[in-house]
Amino acid sequence: MDFPDQSFCAGTVEAGCDRPRVHRPIPRDWKEFPMPQYSADPEIRPASKDPRSLKTLLNFTVENESRGSQARAATFQTLHGKVETPIFMPVGTQATVKWQTVESLRITGARVLLANTYHLLLRPGLEVFKQFGGIHRFMNWDGPVLTDSGGFQIFSLPHSREMNEAGARFQSYVDGKSYLLSPESSIEMQKTMASDIMMVLDQCIDSTAPYAQAEAAMELTHRWAERSLRARGDSGQALFGIVQGACHHDLRKKSAAFLRDLPFDGLAIGGLAVGETHRERYELTALVTEHLPKNLPRYLMGVGTPIDILEGVHRGVDMFDCIIPSQLAQRGVAFTSHGKLKLRRAVHKFSQEPLDARCDCPSCQQYSRAYIHHLVKSAELLGWHLLGIHNMAFYHRLMREMRESILRDDFLSYYGQKRLELGRDDEQNPGRPPKQAKRSEPARVGDYEIHTSAQGFSSIRQISSGEVMHSVNRPLDEADKLYVGQAFLAARLLKHGASADEMTVWDVGLGAAFNAMAAVQCFERCFAEQGEKNLRPLRLVSFECDLDALALAAKYPVHFPHLRHRAPFQILASGKWQHASKLLQWELLKGDFPSLIESAVVPDVIFYDPFSFKTNPALWNAEIFSRVFKRCLPKSAELYTYSASTAVRAALLTAGFFVAAGAGTGPKSATTIAFTRATGPGDHPLPPPLLGREWLARWRRSGAKYPTDLAEREKRVFDSLIEGHAQFADET
Ligand SMILES: [Zn+2]
C-alpha cells in the first residue's frame, strides 16, 4: 500500500511554518485519490503477543512524553498525510463544519475533520460517495477524515430502532426507509466514504448506567469490535476500537485490556461527556489511558471545552473532537486569551477592539467587536462564520502550544498556568461588580447557573446566552398556567366515552423540568381525586440535549421545591420514570429536537418551551413547525408556546397550523396556541377563538413578518401561504 505524503501547511496562522501550502485542484478522475484496498479474506490480522512491537497502519511515533505528566507529542501517517498530536478535529456532521469553507478551515489550522456516517448515509446516501470515490473529493477536503460508526446517533433514537446481537435496525428520518446498522455494514459504509480513520460500531449508553447494563453493553461492544476487524480485512483505512464501561472502573480496565490485544490502529475512550461530572471524567480518562498501549493513538470522543482538552492531554490523550467551537460561535461566545467574551452584551456595541488582540485569525485581523456584536444580535450567518473561525483558531493554537511545550519538556508548568487562564471569565468586562462576585459565587453546572429574581424565586440562567428560563413569574406557576392549565390536562385525563386512549404530551425543552413536573403533579392530583379506574394513561416525552440545567436544579432542591420528587432524579439517572400505577410514563429523548421529531411518539399536546429565537433560532422557523405539524397529523393535536411574536405565529400558520392567542403571563399580554385542525381536538373543552383578519392586517404592516431571512421568492410563497390560509377564509 502506498501512502503518498500530501502534508500541507495547516494554515497561514501557524507560526514558524515555512512549507508552502499545496492547493490541489479537484481531479476530474477520482481515481487520482488513493483508494483503500478491500480484502476478500475475512480473517482478523493476528495480534502480536507484545502489542508494543506491533506495526500499525498509522505508524504512530511518540516524539516526547513530558516529565511529571502523561502528556505526549506524537505523529502518525494517514492516507492523506501526516498528523501531529495532540490534535483537535473539528466536527463536520453533514460533510461540512458549520458555516465554514474548506479554505476557512485550513486558515484556522484544521488538519483532520470528523464526519458523521449516520447522517451522511441518510443524506446524500452512499451512492453519491461511490460516484465521487469517497468523501474527500465530495467535500473538496484533501486532508485526513475520521468517520464515526453511526452508533452514537442511532443509540440516541429510542423509538425507531430495534437492537440485538446482529446490530441496530432503524428508520430514516429523511425518507422513512429502514436500515440495518451492523458492525459489518458500518465498516462497509466507512469504506465507501474512504475515510482515513474508521471507528468500530459500539453500544453507547449513558455514563451513569448501572453496572449490569454497562457490563452487557461493554461485552457486546467487544464482540462487535472483533466483527469490525474481520470486516475491515486488509483495507488501508485505519480502524479504532472503543473502550466502554460507563463510570465503572473495573469495567473500563477490562475493556482496555481486551481491546489492546486486538490489532487496532488506535483506541478511543467512548461514553464520556454524557452525564458524568468533570471530576469523574478526568479520573476515568486517567484510568483508561494508564491501561492503553503506548504505541497507539488515544482518542477521547466528543470532548470538549478547552479546559477539558487540556486536562485530557495531561492524562495522555492524543486526539479530540467537539462541536463547541461552532456551537458557542452561534451563541455569540468567543474564547480569548483573557476569558470568554459574550458578544451579545451591549458593552461591545461601540468597541473598535478585535475579539482578541493576541489572535492572528482573519476575524481578529479584519473586524471589530462592535461589528461582530451587531452581526450576532441580528442572527447573521456571517457573525457565526467569523466567530467560528476565531474559536477554531483558538482551539488549534491551544493544541499547537501544548505540543510545543511537550516537545520542550515543560508541559507541567504550561498546564498549571493555562488552567488558570482557561478558567477565567471575561475579565476586561466583568459582568457584575467584583464585590458582589466575591460575596458568593453562583452555583453552576456546565453552562448554567442559578438566578434569583427580584421577587425572590429561583430560576436557571444559561451563562453563554444570559437567557433565564421562566424569568417573569414563579416558574411552576407559569408552567401550570401556560401549559398544563391551558391544555386542560386535568379534565382531559379523565376517561370519557371514546377518549380512553393513551394521551401523549411532548415537553420540548426539559430545562429544569418545570413544565414536566407540572404535568406529573397534575396527574398525581387526578390520581388521588379520581382513582386509577377513571384515568387515561399519560405518556410524557421530554426533549433535551443538555441535562446540566436539571442537574444543577436537582443539586439545590431548597431553591427548586418542584424537584422534591423521585421522578426527575430517575430521569437524570436513566431517562425514564413511571408512576406506581404504570398509568404515567415519563421518558427523556436526549438530543437536538430537530433530529428526534419523526421518531418520537405522535403527540396530542405539545409544550413548546425551548430557548428563545435569539438563542436558538433553528427551533422557531417554518421548516421545524412544518415537520412538527406533519408528525402530529395522524391525530388532532395542539401546541402551546410562550412566544406571541408575529413572526412565530406566521411561521406556525405557514406550517399548516390554525393559530389562536393564548393567555397572557406576567408582563406579556398573550402567548400562542396552535391547532392542527380548525376546531381544535374533540376532547378540548374550550378551544380559544382563532386569530382573525385583524391579526392578518397587523401582520401585513409588521416589520418582522418573517421568522428568518428569506429570499424574495420564498417571501412570496410565505405571503401566499398566510393570505390563503383557511383560518382567514370565511371571515368577512
Ligand atoms: Zn481571532
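Rules of the game
- Residues numbered from 1 in each chain as written.
- Predicted model: local features only at pLDDT ≥ 70, side-chain atom pairs only at ≥ 80, totals over all residues.
- Heavy atoms only, no water.
- Donors = N, O, S within 2.8 Å, 3.2 Å for Na, K, Ca; no water.
- Tetrahedral: all angles 85-135°; square planar, octahedral: opposite > 155°, others 65-115°.
- Helix = DSSP H or I, 4+ residues; strand = E, 2+ residues; numbered from the N terminus.
- Buried < 20%, exposed > 50% of the residue type's maximum accessible area, 1.4 Å probe, protein only.
- Pairing = 2+ DSSP bridges.
- pLDDT = per-residue confidence, 0-100.
- Contact = heavy atoms within 4.5 Å.
- Axes fitted to C-alpha atoms, helices over the stretch in contact; angles between N-to-C directions.
- Parallel < 35°, antiparallel > 145°, perpendicular 65-115°, else oblique.
- Left-handed = near helix turned anticlockwise from the far one by under 90°.

Draft legend 1. Here's a closer look at the coordination of the zinc ion. Every protein donor of the zinc ion is listed here as Cys359 (SG), Cys361 (SG), Cys364 (SG) and His390 (ND1), and their distances to the metal cover 2.1 to 2.3 Å. The coordination sphere of the zinc ion comprises four donor atoms, whose angles at the metal cover 97 to 118 degrees; the geometry is tetrahedral. Donor residues binding the zinc ion come from one chain and are separated in sequence as C-x1-C-x2-C-x25-H. Placement of Cys359 in the loop between β16 (339-342) and α12 (362-366) and of His390 in helix α14 (residues 381-408) is noted, with a sequence separation of 31 residues between them. Accessibility assignment for this pair places Cys359 and His390 in one class, buried.

Draft legend 2. Summary view of unusual backbone geometry. Along the chain, Thr85 connects to Pro86 via a cis peptide bond; the corresponding omega equals 0 degrees. The topology assignment puts Pro86 in the loop between β3 (81-85) and β4 (87-92). One non-glycine residue, Lys582, adopts positive backbone phi at about 65 degrees. Here Lys582 lies in the loop between β22 (576-578) and β23 (584-590).

Draft legend 3. Region of the structure containing the pairing of strand β18 (residues 448-452). Of all the five residues making up β18, four are buried; the element is thus mostly covered by neighbouring parts of the structure. Pairing of strand β17 (residues 444-445) with β18 involves two bridges; the strand directions are antiparallel. Considered in β18, the bridge of Val445 is made with Tyr448. Counting the residues that bridge the hairpin from β17 to β18 gives two residues, and of these Gly446 lies at a positive phi of roughly 55 degrees. Relative to strand β19 (residues 458-462), β18 runs antiparallel, the two sharing five bridges. Bridge pairing in β19 places His451 opposite Ser459.

Draft legend 4. Just the confidence of the model for the protein chain, in detail. Summing up the model confidence of the protein chain, the mean pLDDT is 86 and the portion of residues at 70 or higher is 88%. Ignoring residues within four places in sequence, the model shows residues 45-54, a span with pLDDT below 50, making 13 contacts including any to other chains. Overall, residues 433-440 carries pLDDT values under 50, and its contacts beyond four positions in sequence, including any with other chains, amount to one contact.

Draft legend 5. Inspection of the packing of helix α6 (residues 183-193) against helix α7 (residues 211-232) at higher detail. Taken N-terminus to C-terminus, the directions of α6 and α7 make an angle of 40 degrees; their axes are 8 Å apart at the nearest point. With respect to each other, α6 and α7 are oriented oblique. Between α6 and α7 lies a crossing whose hand is right-handed. Contact with α6, carried on its side by Pro183, Glu184, Ile187 and Lys191, involves Trp224, Arg227, Ser228, Ala231 and Arg232 of α7 and no other residues of that element.

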